[in-house]
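Descriptive analysis of the structure
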Amino acid sequence: MTYHEPVLAREVVDRLVTFPGGLYLDGTLGGGGHSRAILDRLDADGRLLALDWDEDAHANQEGERAVLGRDSRVSLLRLGFGDLDRLPAPWDACRFQGVLLDLGLSSHQVDTPDRGFAYLYDGPLDMRMDRRLERGAADLLTELDERELADLFFRYGELPEARKLARLLVQARTERALDTTGRLRQVVEGRFGTRGSFSLLSRLFQALRIAVNDELGQLERGLEGAFQRLAPGGRLAVITYHSLEDRRVKASFRLWAGEDDRPRSRHLPVRELPVRARLLERRGLVPGAEECERNPRSRSARLRVLERVEA
Ligand SMILES: C[S@@+](CC[C@H](N)C(=O)[O-])C[C@H]1O[C@@H](n2cnc3c(N)ncnc32)[C@H](O)[C@@H]1O
C-alpha cells in the first residue's frame with residue numbers, strides 16, 4: 001500500500017519552485033511525494049528541509065521504500081510546523097525560497113486502525129498525529145464536561161447537533177468508557193441511526209482530531225512562521241481540506257496582500273494595510289476531475305499560493 005498519494009503535485013511545484021538552487025521547506029513530509037517532486041525541480045545546489053511531527057512519516061523514509069532515497073540535499077526533522085521558531089541551527093537563521101504546508105492526515109494515518117482516525121475501522125480512540133502529545137481523543141471524551149464537549153463539536157465540527165451529541169456521550173460514558181472508535185460509532189448510530197450518522201460521524205471525528213492536535217493553533221502559528229521566514233520573492237503554498245482551514249488561510253493571505261477582509265460597513269473606515277504579498281490565484285486551485293477520480297481523497301483539496309513582495 002502506498003503511504004500517501006500527493007495531491008495537486010504538479011500544480012504545487014510549478015508555482016513553488018522558482019529558483020532551482022534555493023532552499024525550500026516542506027512542513028508536512030507525509031509520504032514524501034511533494035518533497036520528491038520539489039527535489040526533482042532543484043539543481044545540485046538546491047536544498048530541502050522536510051518536517052513532520054509523526055514518527056511514522058520518518059520511519060517510512062528508512063529502508064528500500066524511502067521516497068526521498070539517499071538524496072543528500074534533504075534534511076528531515078521531527079517537528080510541528082507551528083513551531084518554526086524552534087528550528088535548530090543552521091535552519092533558525094535561514095530564509096526559504098518556498099514553503100509548502102499540505103494540511104491534514106496522510107492516507108497511512110487514516111488507514112491504520114491503531115491510530116484511531118477513522119470510524120470505518122475499530123481501534124483505540126487516539127488520533128494523536130504526534131504521539132508525544134499527552135492527550136488523545138479518548139482522554140478528551142473522558143475529561144471534558146458536557147458544555148466543553150458541545151463547544152468543541154460546534155467549533156471544530158460545525159455540528160448543529162453539538163449539544164445533543166455532547167449529552168448523549170456524557171450519558172454513554174457513565175455506562176462504559178468511550179475509548180474505541182467502534183464504541184463511539186456504536187453509541188452515535190444507536191441514537192441517530194446507521195444512515196443518519198454518516199456525515200455526523202465524519203464531522204465528529206474531524207472535531208476531535210482538530211482538538212487533539214490543536215490543528216488550528218498549529219495552522220495560525222505555521223502560517224505566521226512560514227511567512228516570516230520567506231525570502232523576498234519567496235512563495236508560500238498551502239493545501240487545505242475543509243472550510244475551517246481554508247477560511248484561515250484565505251484571511252491571512254488577504255491581509256498580507258493588503259486587503260481589508262472585514263465586511264463592508266459605514267461604521268468601519270477602510271484600513272490602509274501594507275502590501276507584503278501577491279496572491280497567485282485569487283480563489284485558489286482545486287484538483288481536476290481526472291485527479292479526483294484517481295485519488296478520491298483529493299476531492300476536498302484547495303491550493304492557495306502567495307509570493308512575498310517586500311524585502
Ligand atoms: C496530507 S499529509 C502530507 C502528505 C505529503 N505532502 C505527501 O506528499 O505525502 C499531512 C502530513 O502532515 C503531517 N502534519 C500535520 N500537521 C502537522 C504539523 N502541525 N506539523 C508537522 N506535521 C504535520 C501529518 O502527520 C501528515 O503526515
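Residue positions are counted from 1 within each chain, in the order its sequence is given. Totals for whole chains, interfaces and linings use all residues, but because this is a predicted model, local features are given only for residues with pLDDT of at least 70 and pairs of side-chain atoms are given and counted only at 80 or more. The basis for the side-chain values is all heavy atoms of the structure; hydrogens and waters are excluded.

**Notes on the packing of helix α6 (residues 146-157) against helix α9 (residues 198-212)**
- One way to put it is that α6 packs onto α9 with a least axis distance of 8 Å and a crossing angle of 100 degrees. Classed by the angle they form, the pair α6 and α9 counts as roughly perpendicular. Only Arg203, Leu204, Gln206, Ala207, Leu208, Ile210 and Ala211 of α9 make contact with α6, whose side of the interface consists of Leu152, Phe153, Tyr156 and Gly157.
- Residue polarity is assigned by list, with Asp, Glu, Lys and Arg as charged and Ala, Val, Leu, Ile, Met, Phe, Trp, Tyr, Cys and Pro as nonpolar; anything else, Gly included, falls into the polar class. Across the contact of α6 with α9, the residue classes break down as eight nonpolar, two polar and one charged. To get an axis, a line is fitted to the C-alpha atoms, and for a helix only the part in contact is used. The angle between two axes follows their N-to-C directions and goes from 0 to 180 degrees. To qualify as a helix, a DSSP run of H or I must reach at least 4 residues; to qualify as a strand, a run of E must reach at least 2; elements of each kind are numbered from the N terminus. Reported orientations rely on four angle classes, namely roughly parallel under 35 degrees, roughly antiparallel over 145, roughly perpendicular from 65 to 115, and oblique for the rest. When checking whether two residues touch, look at their non-hydrogen atoms; a contact exists if any pair is within 4.5 Å.

**A closer look at the pattern of salt bridges**
- In what follows, salt bridge is the name for a side-chain nitrogen of Lys or Arg lying within 4 Å of a carboxyl oxygen of Asp or Glu. What the rule picks out here adds up to 32 salt bridges.
- Of the charged contacts, one joins Arg209 and Glu215 as a salt bridge, the two residues approaching to 2.8 Å between their closest N and O atoms.
- Categorising residues by exposure relies on relative accessible area from a 1.4 Å probe, with only protein chains included: less than 20% of the type maximum marks a residue as buried, more than 50% marks it as exposed, and the intermediate range marks it as partly exposed. Looking at Arg209, the relative accessible area reads 12%, which means it is buried.
- On the basis of relative accessible area, Glu215 is assigned to the buried category, the value being 9%.

**What about the domain arrangement of the protein chain?**
- Domain boundaries assigned for the protein chain yield domain 1 (9-108 + 215-308) and domain 2 (134-212).
- Where each domain begins and ends is defined by an automated method or by a domain database. Once you take the C-alpha centre of each, domain 1 and domain 2 turn out to be 31 Å apart.
- Taken together, the nine residues of domain 1 in the interface contact six residues of domain 2.
- As used here, buried area is the combined drop in accessible area, with a 1.4 Å probe, of two parts when they are placed together. Surface buried jointly by domain 1 and domain 2 totals about 640 Å² across both partners, of which 51% is contributed by carbon and sulfur atoms.
- By the criterion of area lost to domain 2, the three top residues of domain 1 are Glu215, His242 and Leu244, representing 64% of everything that side buries.
- Taken together, the connections running from domain 1 to domain 2 amount to two salt bridges.

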